[in-house]
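Notes for the structure review
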Amino acid sequence: MTSGAKKEFMLKKRCKHIYDKCAVKAKKLLPNKKKLSKIIKKARRIFERLHNIPRFDVFSKNICDFCDLITDYLDGTYTKLPLSTIVAAVAGLLYLVLPIDVLADFVPVLGWLDDAAVLAFVIHTEQNEVQEYLEWKSGQPLGEEIGIVA
């Protein structure tokens, strides 16, 4: 294994480790709507900062979709989600808003890459449920043209 491949492997392993910690926190947070609302507000502020930056626009749309998905689930508006999907969505947002990243978010552009990678991982693993939610939300089938980062 080359040193570059080894570093990439270690970075992925570290991201997965932190994501797993976020998933444990997410399960504990689900009953606490007040704390989840604060996390969603922080994530929406990040969305507002990123949505006009080229190449981060799809990433920011995914943040917004997760915020909507969690909000609709908590409000009881959309309940067709398995618990694993809502936990993954909350864990993804926790990774985004908490200062436990592999790459610090204050580092321009690079700091958001691990956040984008974790959200892409969550969306990829929960793609069917996220797709179904987005179709429900729009009121019409979206097909392949949704902007999911995978």
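Residues numbered from 1 in each chain as written. Predicted model: local features only at pLDDT ≥ 70, side-chain atom pairs only at ≥ 80, totals over all residues. Heavy atoms only, no water.

With that settled, the discussion passes to the nonpolar core. Core analysis: the largest hydrophobic core is formed by 41 residues, its most contacted members being Ile63, Phe66, Ile70, Leu93 and Leu96. Among residues more than four places away in sequence, those in contact with Ile63 are Ala43, Ile46, Phe47, Leu50, Leu93, Leu96 and Leu119. (Core = buried A, V, L, I, M, F, W, Y, C linked by side-chain atoms within 4.5 Å. Buried < 20%, exposed > 50% of the residue type's maximum accessible area, 1.4 Å probe, protein only. Contact = heavy atoms within 4.5 Å.)

Take helix α2 (residues 33-50) next. Its 18 residues give α2 an end-to-end C-alpha distance of 25 Å, which sits within 8% of 26 Å, the value for a rise of 1.5 Å per residue. Within α2 the residues assigned to the buried category are Leu36, Ile39, Ile40, Ala43, Ile46 and Leu50. Buried residues of α2 fall within an arc of 115° about the axis and therefore sit on the same side. In α2, the exposed positions angled more than 90 degrees off the buried face are occupied by Lys34, Lys38, Lys41, Glu48 and Arg49. (Helix = DSSP H or I, 4+ residues; strand = E, 2+ residues; numbered from the N terminus. Expected span 1.5 Å × (residues − 1). Arc of directions from axis to C-beta.)

Attention shifts here to the packing of aromatic side chains. Under the criterion given, the structure shown has three aromatic pairs. Judged by centre distance (5.2 Å) and plane angle (70°), the rings of Tyr78 and Tyr133 are edge-to-face. Taken together, the positions of Tyr78 in the loop between α3 (57-75) and α4 (83-97) and Tyr133 in helix α6 (residues 127-138) put the pair 55 residues apart, joining distant regions of the chain. Here the aromatic rings of Tyr78 and Trp136 are separated by 4.7 Å at their centres, their planes lie at 45°, and the arrangement is tilted. Of the two residues, Tyr78 sits in the loop between α3 and α4 while Trp136 sits in helix α6, which places them 58 residues apart along the sequence. Among the residues examined, Tyr78 registers a relative accessible area of 2% and is labelled buried. Owing to a relative accessible area of 39%, Trp136 belongs among the partly exposed residues under this scheme. Following the ring pairs from residue to residue traces out a cluster consisting of Tyr78, Tyr133 and Trp136. (Phe/Tyr/Trp six-rings, centres within 6.5 Å; stacked < 30°, edge-to-face > 60°.)

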